Amino acid sequence: MGLVEDLLRSARRAEEQGDQDGASGAYLQALCGAADDRRALRGLVRLHRPESGHHPLLRAELRPDHVEVSWQDRHDVPGEWRLLRLYRTERGRPAVRSVRGADPTAAGTVRDKDAPLGSGVRYAALPLRDGRVAGPPLVSRRLLVTPEVGRPVLTDGPARIHCSWQRPTGAIDVTVEHMGLDRPPRRPAQRPADAPKGPDEAAIRHARRSADATGNTTERTGPDKSPHRPAQRPADAPKGPAKAAIRLAQRSAAGTDITVGLTDPDKAPLDPAQRPPDAPKRPDEAAIRHARKPTDATGNTAERTGPDKAPLRPTRRPADAPKSPDAAAIRLTQQSADATDIGAEPTGQHNAAIRLVRRPDGFTVTGLPAGPHSFRIVCHYRALDGSRVASPGLRVTGTVHAWPEPVRSLDARADGGAVRFEWSGGQGAEVRLVVWPGQAPAPGTELRARELPAALDWPAKAGAPCPPPGTYTEVAAVAVLGARALAGPAVGVEAVHAAPGLTVERLPDGQARIMLDWPEGVGHVVVGWAGLDGAEGGGERILTAHAYRRGGLRLPVGPGAVRIRAATVPRVPGAVVVVPDAAEALLPSDAAIRYQLVRAQRRFLGRGGRTLLRVTLAAPGGPGDVPEFVCVARSGTLRPRSPADGTTVLRITGPDLARHGTVEQELPASPCPAPYTLRGFLLGEHATSVRLEEPPLASLVVR
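In this numbering scheme, every chain counts its residues from 1 along its sequence in written order. With pLDDT at 70 or above as the cut-off, local features in this predicted model cover only qualifying residues; side-chain atom pairs require 80 or more to be listed or tallied, and sums for whole chains, interfaces and linings still use all residues. The basis for every side-chain value is the complete set of heavy atoms in the structure, and neither hydrogens nor water enter the calculation.

Colleague: What is the right way to read the sheet that holds strand β39 (residues 538-544) from this model?
Modeller: Strand-to-strand pairing in sheets goes through backbone hydrogen bonds, with the strands running parallel or antiparallel. Spatially, β39-β38-β41-β43 is the arrangement adopted by the four strands of the open sheet, whose pairing is antiparallel. On the outer flanks of this sheet lie β39 and β43 (584-587), each paired with one strand and no other. Each neighbouring strand pair of the sheet contributes to a mean axis angle of 20°, computed without reference to strand direction. For two strands to pair, DSSP has to find at least two bridges joining them. Put simply, DSSP H or I for four residues or longer makes a helix, DSSP E for two residues or longer makes a strand, and each gets a number counted from the N terminus. In terms of strand pairing, strand β41 (residues 562-568) meets β43 through four bridges, oriented antiparallel. What sits directly across from Val-562, in β43, is Leu-587. In this description, a line fitted to the C-alpha atoms serves as the axis of each element, helices being fitted only across the stretch in contact, and the angle between N-to-C directions of two axes falls anywhere from 0 to 180 degrees.

Right under this line is the structure:
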């Protein structure tokens, strides 16, 4: 033990005299003599700590659930190493522990899952030969074991940002702070070269930031992009507020910020807490913090802030201070428990209520204006001494894009064989009608325009789409604005098949006979009628194939003009039913044509008088389309069965009958051998829409 003590005294003297190599050699001999001597180990660690600005040969990096330590073999040492962790106990005493599974170990990467959370640690890798220390150690930088959240992913919605992360093991709390709109810095205005320079006009150069392997940010300026250093001023240079120097203050923890502050060159930087309250504040004394923001795969940026900074709070502005778009300060009142709300009181131009809801695996902020927003995420841990320790913090940035206004309602109405859609909402956006291939998303679902199905492609008639007969379709409205879309409501549309061969014939007393060709494979047909031009009346009958074939169908349509439809029965309740045009037939108002023989009185000298046929049109609702009337004569006392079963004796066109109402024409003297029987018929496409009232058979026999 005396030799070890002598070596330790020699090492301390050499260290005090600046002989680093001599001190290292003495400490190394002492450690070889006493492998458990912590004084020799601490001396070696102190001498071989990595210098500022140099990459350490032993790298220690935080991960969500462990510390990752990595190094490479040296050419002058064998391949075995002993990895030690140096830290302080709950009483503040220095302690050394071997990393589990790394005594001995080969060079490479080792995971330390036992590092005390909330504590500062340092690692030392000692080369071994035959189980004994064979050279100076590799030493890492000091690391605060406060892991940040892992894999933060930000997605935006309408006035909203949603963030999810992997919560580190052992974190007792995760707090979130909204840093506000992340606006780009404004460039200073160009001033003339001969303009005088005032004491408050010190120009601040914006620094280019690059990241080293530890995640620290350094600043580079100028065309050669060399590291920025404060300008050297002569000793006799005048002192004044215009000669502000730039002070770079680098924080110790890996991944933290480098802040830039403007200070007087001959004075030490003032602590804000020590500054006199009545001291004037100059613009050139504002500290500008430039943060490195790496971009992840989603396009969001993340950076780490200072290791021991409390969450930033915006400074209070006077009540009469002018408001600017870039000065929207937001004061957050934060609560401690997870899954609780964080209220926000806006004080800038965006007079909207911002609400932050925190969860164990992320947070959601609503009420945000469009633009990039930054958030600071800090993990909190319980240290060995029971104190609460905060992580440096991770700064993430997500952009709230402009989203369309949602479609609030969607209605559809049948228009003949087409359907017309009407909606509310979606102002300023493209409202697209689509048919989803599967289950339609709920209204308000956030979508991407590239994910939408093709727009509705039904053939159009007079600007209205016509659904294919025999189909049922759910048509949904989607509001689209750029690359983003919001799902809207949907409405069901069913296009039924028309009943073929539909014809309608008027009967007395307001009845109508319906005739159709029953569609094959259909069990039920619905026949409906409705008055034209908003006239009252109408109804519907559902008919089975058996009932129709047995007794036909008569409908009480009334004397007015009606539209009659016959189609297959709809299958989906509540759907908008579209009936094809082919399933419709128009029945004009009740009109009748009656005819009778009018025999003139006998003339003098025994000669017979003329025989006339009087034809009268009775149409209370207007004549409409009137068919042609023909009168046929057939020898004998049997009536002609059809217009071709006899000789045509007269013909009255429909327009003439509609114009005059009553027409009398003289019959030919002997159209066929007497006695003969007359009968009238209606011809043309409107023959079934007008009733023909026939007189008694005996009155139509001419002898």
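Anyway, onward from the coordinates.
Colleague: Where do I start with a positive patch on the surface in this structure?
Modeller: Patches were defined on residues exceeding 30% relative accessible area and lacking a salt bridge, with like-charge contacts within 9 Å and nonpolar side-chain contacts (Val, Leu, Ile, Met, Phe, Trp, Tyr) within 5 Å. The Shrake-Rupley method, run with a 1.4 Å probe sphere, supplies the accessible areas, and residue values consider only the shown protein chains as cover. Salt-bridge detection follows one rule: a side-chain nitrogen of Lys or Arg within 4 Å of a carboxyl oxygen of Asp or Glu. In summary, the charge assignment counts Lys and Arg as positive and Asp and Glu as negative, without counting His or the chain termini. A charge is said to be at NZ when it belongs to Lys, at CZ for Arg, at CG for Asp and at CD for Glu. A surface patch of like charges, here positive, comprises Arg-38, Arg-42, Arg-88, Arg-97 and Arg-142. Topologically, Arg-88 is positioned in strand β3 (residues 80-88).

Colleague: For this particular structure, what's the right way to read the pairing of strand β11 (residues 150-157)?
Modeller: Taken residue by residue, a regular strand's side chains alternate between the two faces of the sheet. Across six bridges, β11 lies against strand β12 (residues 160-166) in antiparallel orientation. The partner of Gly-150 across the bridge, within β12, is Gln-166. The antiparallel hairpin formed by β11 and β12 contains two residues in its connecting segment, where Ala-159 sits at a positive phi of about 55°.

Colleague: Would you explain the packing of helix α1 (residues 2-16) against helix α2 (residues 20-33) in this entry?
Modeller: Two packed helices can be described by the angle between their axes and the distance between those axes. Where α1 contacts α2, the axes come no closer than 8 Å and their chain directions differ by 160°. With respect to their mutual orientation, α1 and α2 come out roughly antiparallel. When the axes of α1 and α2 are compared, the crossing they make is left-handed. Residues Val-4, Leu-7, Leu-8, Ser-10, Ala-11, Arg-12, Ala-14 and Glu-15 of α1 form the contact with α2, whose participating residues are Gly-22, Ala-23, Ala-26, Tyr-27, Gln-29, Ala-30 and Gly-33. Just so you know the grouping, Ala, Val, Leu, Ile, Met, Phe, Trp, Tyr, Cys and Pro go in nonpolar, Asp, Glu, Lys and Arg go in charged, and all remaining residues, Gly too, go in polar. The residue inventory of the contact of α1 with α2, partitioned by class, reads nine nonpolar, four polar and two charged. Should an angle fall under 35 degrees it is taken as roughly parallel, and over 145 as roughly antiparallel, whereas 65 to 115 is taken as roughly perpendicular and any remaining angle as oblique. Should the near helix be turned anticlockwise from the far one by less than a right angle, the crossing is termed left-handed; should it be turned clockwise, right-handed. Any two residues whose heavy atoms approach within 4.5 Å are treated as being in contact.

Colleague: Would you take a moment to explain the side chain of Thr-473 for this structure?
Modeller: Its place among the elements puts Thr-473 in strand β34 (residues 471-481). Only protein chains enter the area calculation, which uses a 1.4 Å probe; residues under 20% of their type maximum are buried, those over 50% are exposed, and those in between are partly exposed. On the accessibility criterion, Thr-473 (12% relative accessible area) is buried.

Colleague: Looking at this structure, I do not really get the pattern of salt bridges. What am I missing?
Modeller: Oppositely charged side chains are able to pair whenever their charged atoms sit close together. Enumeration over the complete set of coordinates arrives at 34 salt bridges. The shortest N-O distance in the salt bridge between Asp-103 and Arg-82 comes to 2.8 Å. In this pair, Asp-103 sits in the loop between β4 (94-98) and β5 (105-106) while Arg-82 sits in strand β3, placing the two residues 21 residues apart along the sequence. In the salt-bridge network here, residues are joined through shared partners; they are Asp-590, Arg-594, Arg-691 and Glu-693.

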